Amino acid sequence: MKNILFVDDEPRRMQLFVEELEACGFHVSFERDAETALAVFRLPDRRFDLIVLDISMPAGGEFAHEDTHQGLRTGLYLYDKIRLVTKEVPVVILTNVADRRVSERFDRQMNCWFFRKSDMLPFQFAEQVSQILGDDRGLPIQ
Amino acid sequence: MTSDAIDTAESVLPRAMLIRDQLQRSADELLRAARQHDKQLLWLFNFAEAACRKLQVLFPTTDDDLKSGLYWMANRGTVDDIALLGAVKSASGDLRSDLSSLIDAAIREITQRLQQDRAQQLISALLASPNADKKAIASELYQLGVRTRPVRSIRNPLVDVSESRIPQGRILSSFLGLMRDSDRDVCSQVALALAEWAGRDALPELTDLLRQDCSKEGEEAFCSYLITALEHVGGEDAVEAIRAAAESGSDPVRVGAIHALQDLVLGTPVALHEGHPVFDPRDPAKPASRAHNAIVDRIQATLRRLAGDQKVPEFVREEAKEALAAISESAPAELTT
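About the thresholds
- Residues numbered from 1 in each chain as written.
- Chains lettered and ligands numbered in written order.
- Predicted model: local features only at pLDDT ≥ 70, side-chain atom pairs only at ≥ 80, totals over all residues.
- Heavy atoms only, no water.
- Salt bridge = Lys/Arg side-chain N within 4 Å of Asp/Glu carboxyl O.
- Helix = DSSP H or I, 4+ residues; strand = E, 2+ residues; numbered from the N terminus.
- Buried < 20%, exposed > 50% of the residue type's maximum accessible area, 1.4 Å probe, protein only.
- Pairing = 2+ DSSP bridges.
- Axes fitted to C-alpha atoms, helices over the stretch in contact; angles between N-to-C directions.
- pLDDT = per-residue confidence, 0-100.
- Contact = heavy atoms within 4.5 Å.
- Disulfide = S-S within 2.5 Å.
- Buried area = accessible area lost by both parts, 1.4 Å probe.
- Phe/Tyr/Trp six-rings, centres within 6.5 Å; stacked < 30°, edge-to-face > 60°.
- Lys NZ or Arg CZ within 6 Å of the ring centre and 35° of its normal.

(A) Seen up close, the pattern of salt bridges. All told, the structure shown has 34 salt bridges over all chains when counted by the stated rule. Notably, a salt bridge pairs A:R73 with A:D99, separated by 3.5 Å at the nearest N-O pair. Residue A:R73 is found in the loop between β3 (50-53) and α3 (74-85), and its partner A:D99 is found in the loop between β4 (91-95) and α4 (100-107); the two are separated by 26 residues along the sequence. For the residue pair A:R73 and A:D99, the accessibility class agrees, reading buried in each case. Where B:E240 meets B:R243, a salt bridge forms, and the shortest distance between an N and an O atom there is 2.8 Å. Linking B:E240 with B:R243, this pair stays in helix α11 (residues 236-248), spanning 3 residues, or about one helical turn. Given a relative accessible area of 27%, B:E240 falls into the partly exposed group. On the basis of relative accessible area, B:R243 is assigned to the buried category, the value being 13%. Three or more residues joined by partner-sharing salt bridges are found here, namely B:E236, B:E240, B:R243, B:E247, B:R298 and B:R305.

(B) Examining the sheet that holds β4(A) more closely. Residue and element names in this part refer to chain A. In spatial order, the strands read β2-β1-β3-β4-β5; together these 5 strands make up an open sheet with parallel pairing. For this open sheet the edge positions go to β2 (27-31) and β5 (112-116), each flanked by a neighbour on one side alone. Across this sheet, the average inter-strand angle for adjacent strands is 20°, counted without regard to direction. Sheet analysis places β3 next to β4, joined by 3 bridges and oriented parallel. Bridge pairing in β4 links V52 to V92.

(C) Fine view of the confidence of the model for chain B. All names here are of chain B. Summarising the model, chain B shows a mean pLDDT of 82, and 83% of its residues fall at 70 or more. This stretch, residues 269-285, has a pLDDT under 50; its non-local contacts, to residues over four places away or in other chains, come to 39 contacts. Low pLDDT, under 50, characterises residues 333-337; the predicted model gives this stretch 17 contacts beyond four residues in sequence or across chains. Predicted complex, confidence summary: ipTM 0.83, pTM 0.62.

(D) View of the state of the cysteines. Residue and element names in this part refer to chain B. Under the counting rule described, the total for this entry stands at 0 disulfides over all chains. The closest cysteine sulfur to the non-disulfide-bonded C223 is located on C214, 6.2 Å from its own sulfur. On the accessibility criterion, C223 (0% relative accessible area) is buried.

(E) The arrangement of the interface of chain A and chain B in detail. Counting residues at the interface gives 27 residues for chain A and 30 residues for chain B. Approximately 2600 Å² of surface area, both sides summed, lies buried where chain A meets chain B, with 50% of it carried by carbon and sulfur atoms. Taken together, the connections running from chain A to chain B amount to 3 salt bridges. The salt bridge partner of A:R13 is B:E49, with a shortest N-O separation of 3.9 Å.

(F) Structural context of the packing of aromatic side chains. Enumeration over the complete set of coordinates arrives at 6 aromatic pairs over all chains. On the numbers, 6.1 Å between centres and 25° between planes, the contact of A:F106 with A:F114 is stacked. The buried category is assigned to A:F114, whose relative accessible area is 16%. Seen in terms of ring centroids, A:F115 and A:F125 are 6.2 Å apart; in terms of plane orientation they differ by 90°. Their pairing is edge-to-face. Here A:F115 is found in strand β5, whereas its partner A:F125 is found in helix α5 (residues 122-132), with 10 residues between them in sequence. Classification of A:F125 as buried rests on a relative accessible area of 0%. Taken together through their ring pairs, the aromatic side chains of A:F6, A:F17, A:F30, A:F115 and A:F125 make up a single cluster. The positively charged end of B:R165 is found above the aromatic ring belonging to B:W197, 4.5 Å away from the centroid. Against the face of B:F222 rests B:R184, its NZ or CZ located 4.1 Å from the ring centre.

Okay, structure coming up:
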């Protein structure tokens, strides 16, 4: 079973996205802040096949030193820190951020996809993730 | 907030929380329904979510809840939400400072997004309109650019080129094409608009035009707009083009170029005479870089040449001397290290 790290500060609102991913057969670990997510990602015994990342999240701990625009851009720094560890793991940005500059920043990245929450239903998102992971059944496991 | 208003808010709170929960459940149901039936329900979901978020900001359960609502507002809020956020801030006298500044940031983000949309409309109109309207549209675009400059930026950097603020990069070539319009007034207003919106991509066209026109009779006014555009976009290439205009342009162009060079070094009156609310002179505490000093040295060399050249009209020499003196006065803060 493939492992997904899902980072978003609103677990309640992301519940349906998580459910759809689980229905597609993925195991989802949910973290609601960037600091904890980074710590989990760095654990030597944890291996993730894909990371789903929000951009606007509270900026505590290691991220307090960065200019995250009051947390509006915390995910940018989390992405950079993840990429310092590995460039192999696909990262899927799932965010409300509408700023063109942010999406363009990720357009130029390898192994990275950018989706807006407002453009995508949870099951569509799960289909995209399935395709990215080469498991493009796109249908939940019944 | 008055006590009446507080009483009113407290009396509606339970009902508002109930509505918020119901809306959230409805939004979830819409998503589930969309899974099985119709993807177009996404629109309804987004509509429901927007309502939920307003209630989340008005009646948050925790500070983190408010923060999440503010993140959403910053990224997807609309013009109505600006007023709502302002009301939340003014009604919450004891709001934590990080939340208060996040409200400010959310208002700023929404405002910038709206202004970007307006800029996009104006640029599209500029490209599609008849000539008679182009001048006015370009002028509005320029004014919008001034009003919406990022805080703490006067947009005339000496070393680093300003980042383009044009919403869609692909239209820049059409935009630049207007600089060669048959109507010089249109060209001038477009140059002024580029001063506020353009970045590195516009520099080759701006520098080419200035090089071609800086000594031509009758092009003095247009060149002054070109110099303003280059000054605001900034960077070494822009400085070099302005320096060349100062050395070989017609006399009025030389004077404009001298002023621009002074402004580039000192970061002075550009924002002030435009009435921009934020004026951010160079930070004297920040040591100047080697690249900065090298550019300033070249500017000073040009100004010295002009000030001492007897073939140059006296009024140009005087302008060069004044600029040199102003730059020299700022030397302890600007040109050390």
